[in-house]
Amino acid sequence: MRDEQIKLAAPEYLKQFSCMAGNCPDTCCAGWDIVFDEAACARYAADEHIKHDFGSHVFRNTAAAADGSVPFARVHLTPEGRCPYLREDRLCAIQWMSEEENLSETCRTHPRVIHLWKEKYAEEALHISCPQAARLILESSVPMRFFERNVPDEELKGLRLEAKGTELAPQSHKLRNFVIFLLQQQE
């Protein structure tokens, strides 16, 4: 990326998002394909607390994801479909052994997603698959409002951005704007 600023827009409810962790009625650490970025894999392979079983839990990936990208590594889920780092109290062992900043990009940012438009404008949102995100989005009695800020390219480096090309298809743009309009009418 360039050494420039990108205008990043996000809904106000994003400021209120906080992971429910062990209190979540669902967990993003089970039933999902969990991927690790290359930088996280390098940290985990060198970490005294994690490296002893890292090789048996994580494998180098060659398969493409649904979006066509090829994640660096994937986690071998347990027979129950859970991340092997998910503890019985439903908290992450990697985070517990180190710190949140040590989490992989996917685990650190989910359910947040950044859609990049025309390389100078981006929108940050929450995936509704997360119960806490769904609650914030769907149960809000306040009309949806956005805030914008300029962020340096460097702040987005290493994050998995969902590039949307140069333009939205006309029908996609109309649908997107209509849904935002509906959410802004809540009272």
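Going by the structure above, here's the rest.
Residues numbered from 1 in each chain as written. Predicted model: local features only at pLDDT ≥ 70, side-chain atom pairs only at ≥ 80, totals over all residues. Heavy atoms only, no water.

1. Some details on helix α5 (residues 131-138)
Worth spelling out the cut-off: Working definition: with a 1.4 Å probe on protein chains only, accessible area under 20% of the residue-type maximum means buried, over 50% means exposed, and in between means partly exposed. Numbering of helices and strands runs from the N terminus, with a helix taken as a DSSP run of H or I at least four residues long and a strand as a DSSP run of E at least two residues long. In what follows, a contact means two residues having at least one pair of non-hydrogen atoms within 4.5 Å.
Along α5, the residues that are buried comprise Gln132, Ala133, Ala134, Leu136 and Ile137. Residues of α5 that are buried sit in contact with β6 (121-126).

2. A short note on the sheet that holds strand β2 (residues 35-36)
The test is simple: When DSSP finds two or more bridges between two strands, those strands count as paired.
Read across the open sheet, the 3 strands follow the order β2-β4-β3; overall the sheet is antiparallel. The sheet terminates laterally at β2 and β3 (58-60), the two strands that pair on one side only. Of the pairings in the sheet, the one linking β2 to strand β4 (residues 73-75) comprises 2 bridges and is antiparallel in character. When the sheet's bridge partners are listed, Phe36 is paired in β4 with Ala73.

3. Thoughts on unusual backbone geometry
The phi angle of most residues is negative, glycine excepted, and most peptide bonds adopt the trans form. Following His110, the chain continues to Pro111 via a peptide bond in cis, the omega torsion being 10 degrees. Mapped onto the secondary structure, Pro111 falls in the loop between α4 (105-109) and β5 (112-117). Even without glycine at this site, Ala21 takes up a positive phi of about 50 degrees. Relative to the helices and strands, Ala21 resides in the loop between β1 (5-11) and β2. The class of Ala21 is partly exposed, set by a relative accessible area of 34%. You will see that Arg90, though not glycine, has its phi angle at about 65 degrees, which is positive. Inspection of the secondary structure assignment puts Arg90 in the loop between β4 and α3 (93-97). Its relative accessible area of 27% is what places Arg90 among the partly exposed residues.

Keep in mind these numbers describe shape, not what the thing actually does.
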